[in-house]
Amino acid sequence: MAQAQARDLPSGSEENIVPEKIREGVDLLINGERFRHTGDPKMPLLWYLRDVLRLTGTKYGGEHSGADLVLVDGKAVPALGQTVASLAGKRITTVEGMAATDGTLHPLQQAFVDEDAIGCGYCTPGWLIAALDLLGRKPHPTDDDIDQLPVLCRCGCQTRVRRAIKRAANGGKS
Ligand code: FES
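Here the structure is a predicted model, which means the values were calculated and not measured. (Residues numbered from 1 in each chain as written. Predicted model: local features only at pLDDT ≥ 70, side-chain atom pairs only at ≥ 80, totals over all residues. Heavy atoms only, no water.)

Novice: Explain the domain arrangement of the protein chain here, please?
Specialist: The assigned domain composition of the protein chain is domain 1 (23–97) and domain 2 (98–174). Each of domain 1 and domain 2 was reduced to a C-alpha centroid, and the two centroids are 21 Å apart. Listed as interface residues are 19 residues of domain 1 and, on the opposing side, 15 residues of domain 2. Of the roughly 1,200 Å² buried at the junction of domain 1 and domain 2 (both faces included), carbon and sulfur atoms supply 62%. Connecting domain 1 to domain 2 are 0 salt bridges. Our count for the contact surface shared by domain 1 and domain 2 stands at 4 residue pairs in polar contact (both at pLDDT 80 or more). Of all the secondary structure elements, the ones that give two or more residues to the side of domain 1 that touches domain 2 are strand S3 (69–72) and strand S4 (75–78). Among the elements that take part in the side of domain 1 that touches domain 2, S3 stands out by supplying 3 residues, more than any other. Within the side of domain 1 that touches domain 2, the residues separate by chemical class into 7 nonpolar, 9 polar and 3 charged. (Domains from an automatic or database assignment. Contact = heavy atoms within 4.5 Å. Buried area = accessible area lost by both parts, 1.4 Å probe. Salt bridge = Lys/Arg side-chain N within 4 Å of Asp/Glu carboxyl O. Polar contact = N/O pair within 3.5 Å; in protein donor to acceptor, adjacent residues only side chain to side chain. Helix = DSSP H or I, 4+ residues; strand = E, 2+ residues; numbered from the N terminus. Nonpolar A, V, L, I, M, F, W, Y, C, P; charged D, E, K, R; others polar.)

Take a look at the structure:
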């Protein structure tokens, strides 16, 4: 029966197969992985991360909350304020990209745990990303440097956050 069907195919039918066109889109590099966004190029990165990739560590906290910070080429920027199109070819790091692939926490994450610098945790991804940027620019920040980070903590963890960032800067020692 299968052979009969094969014989019934019109000759040259293989030539009628039209390969599907490769969909155009924006190529993104997120946490070391490549993605192609084929939807609206004006979509804010925050919604692409959360709703498309399900990387929900980056939070919505309104403008200037800092909960939506991600690193773009090493600089902390709000994911809500970046369109996907503006990030083509740039290196994006979210909080999910901080730990090692075997699950070992990044030294900053470990310092936040060690200093109990996490209340409800909503702001924590923002602090971690902001601190990564800060330590990249200033390996031994002052309290003032930390206080100027653009992250709001409604749980009042600022003092412990300061200690955590300084602990990470000090190689994990308080
Ligand atoms: S830990 Fe709750 S807002 Fe910062």
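Novice: Is there a simple way to explain the pattern of salt bridges in this structure?
Specialist: Per the stated rule, a full pass over the model turns up 10 salt bridges. Notably, a salt bridge pairs Asp27 with Arg36, separated by 2.8 Å at the nearest N-O pair. The residue Asp147 makes a salt bridge to Arg162 at a minimum N-O spacing of 3.0 Å. Within this pair, whereas Asp147 is found in helix H5 (residues 143–147), its partner Arg162 is found in helix H6 (residues 158–169), the two being separated by 15 residues in sequence.

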